[in-house]
Amino acid sequence: MSTCVVKFDPRTIWSEVYVLEADERALLFSLLLHMWCHEGHMECDDARNAKRAGMRPSSYRKVFARLVAAKVLNVIDGRIYPGRRIQGAMRRVGITPDQRARVFDEESSCAYCGLASVPLHVDHIFPASRGGTNHRRNLTLACWPCNMAKRDYTLAELEAADG
């Protein structure tokens, strides 16, 4: 068994540690590398992801299930994202002025309620705090009340809460 720290909390001296086994570490790094190259997430395709990681599909499913159960990886709407345990270790890069200008050029109202005559903020559709990227497809405009109500929830979680 090999160790790897997968959560870092800068507010505390001690950090929660999840001990990765060799097969978990190999799969995790393979998936994270792919996510890093493709907008911070990837499709949940067992056969393709097993092949990328150099594993048999049956082994992949077992190891992947352990990583999801340990909250190292997260599956939302058929996509794989970094889980809560490693999000703190991921470096967040702010939205550039060019990205912000592009969003305002392409949109003119709140994506959630439709208001246009109020100050608007650039919002991450999939929250940056949970691994969302600054890619244009993940950015939209939101009025202050909608942005504050959404917080770090995904759209699927908001819809489920409204039920």
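Preceding block: the structure.
Residues numbered from 1 in each chain as written. Predicted model: local features only at pLDDT ≥ 70, side-chain atom pairs only at ≥ 80, totals over all residues. Heavy atoms only, no water.

**Notes on the overall build of the protein**
Secondary structure summary: the protein contains 7 helices and 5 strands in total. For the protein, the residues scored as buried account for 38% of the 163 residues in total. Taking the contacts inside the protein whose residues are at least 6 apart along the sequence as the reference set, 53% of them involve residues at least 24 apart. Accessible surface computed for the protein: about 10000 Å², of which carbon and sulfur atoms make up 56%. (Helix = DSSP H or I, 4+ residues; strand = E, 2+ residues; numbered from the N terminus. Buried < 20%, exposed > 50% of the residue type's maximum accessible area, 1.4 Å probe, protein only. Contact = heavy atoms within 4.5 Å. Areas by Shrake-Rupley, 256 points an atom, 1.4 Å probe, with all protein chains shown as cover.)

**Thoughts on the layout of surface pockets**
Put simply, the second largest pocket is a space of about 320 Å³. The residue makeup of the lining of the second largest pocket, split by class, is 6 nonpolar, 6 polar and 4 charged. (1 Å grid on protein atoms, 1.4 Å probe; cavity = no way out; pocket = protein on both sides within 12 Å on 5 of 7 lines; lining within 4 Å. Points joined across faces, edges and corners; volume = space filled by probe spheres on them. Nonpolar A, V, L, I, M, F, W, Y, C, P; charged D, E, K, R; others polar.)

**What about the packing of aromatic side chains?**
For the structure on display, the rule yields 1 aromatic pair. Look at tyrosine 60 and phenylalanine 64: their rings are 5.5 Å apart centre to centre, the planes differ by 15 degrees, and that puts the pair in the stacked class. Highlighted residues: tyrosine 60 and phenylalanine 64, both in helix α3 (residues 57–69), separated by 4 residues, approximately one helical turn. Classification of tyrosine 60 as buried rests on a relative accessible area of 0%. (Phe/Tyr/Trp six-rings, centres within 6.5 Å; stacked < 30°, edge-to-face > 60°.)

**Observations regarding the pattern of salt bridges**
Think of it this way: side chains of opposite charge can pair up when their charged atoms draw near. Evaluated as defined, the whole model comprises 7 salt bridges. Between arginine 102 and glutamate 106 there is a salt bridge, and its shortest N-O distance comes to 3.6 Å. With arginine 102 and glutamate 106 both in helix α5 (residues 97–106), this residue pair falls 4 residues apart, about one helical turn. Salt-bridge contacts for aspartate 123 lead to lysine 150; the nearest nitrogen and oxygen are separated by 3.6 Å. On the criterion of sequence distance, the pair formed by aspartate 123 in strand β4 (residues 120–124) and lysine 150 in helix α6 (residues 144–150) is long-range, its members being 27 residues apart. Take aspartate 123 and lysine 150: they sit in the same class, and that class is buried. (Salt bridge = Lys/Arg side-chain N within 4 Å of Asp/Glu carboxyl O.)

**Examining the pairing of strand β2 (residues 73–76)**
Looking at chain direction, β2 and strand β3 (residues 79–82) are connected through 4 bridges and run antiparallel. For leucine 73, the partnering residue across the bridge sits in β3 and is proline 82. Connecting the antiparallel pair β2 and β3 is a turn made up of 2 residues, with aspartate 77 showing a positive phi of about 50 degrees. (Pairing = 2+ DSSP bridges.)

**Some words on the sheet that holds strand β1 (residues 42–43)**
Within the open sheet, the 3 strands sit side by side as β1-β3-β2. Their pairing is antiparallel. Looking along the sheet, the strands with just one partner apiece sit at the ends: β1 and β2. Across 2 bridges, β1 lies against β3 in antiparallel orientation. Note that in β3 the partner of methionine 42 across the bridge is isoleucine 80. Sheet contacts for α3: β2 and β3; angle to β2, the most-contacted strand, approximately 95 degrees. (Axes fitted to C-alpha atoms, helices over the stretch in contact; angles between N-to-C directions.)

**Quick notes on the nonpolar core**
If you look at the biggest cluster of nonpolar residues, it comprises 16 residues, and the most contacted ones within it are Leu27, Leu31, Tyr60, Phe64, Leu67, Leu73 and Ile80. Of all the secondary-structure elements, those providing two or more residues to this core are α1 (22–37) and α3. In this structure, phenylalanine 64 is in contact with Leu27, Leu31, Cys44, Leu73, Val75 and Ile80, ignoring residues within four places of it in sequence. Counting residues in hydrophobic clusters, the runner-up holds 10 residues, among them Cys110, Leu120, Cys143 and Cys146. (Core = buried A, V, L, I, M, F, W, Y, C linked by side-chain atoms within 4.5 Å.)

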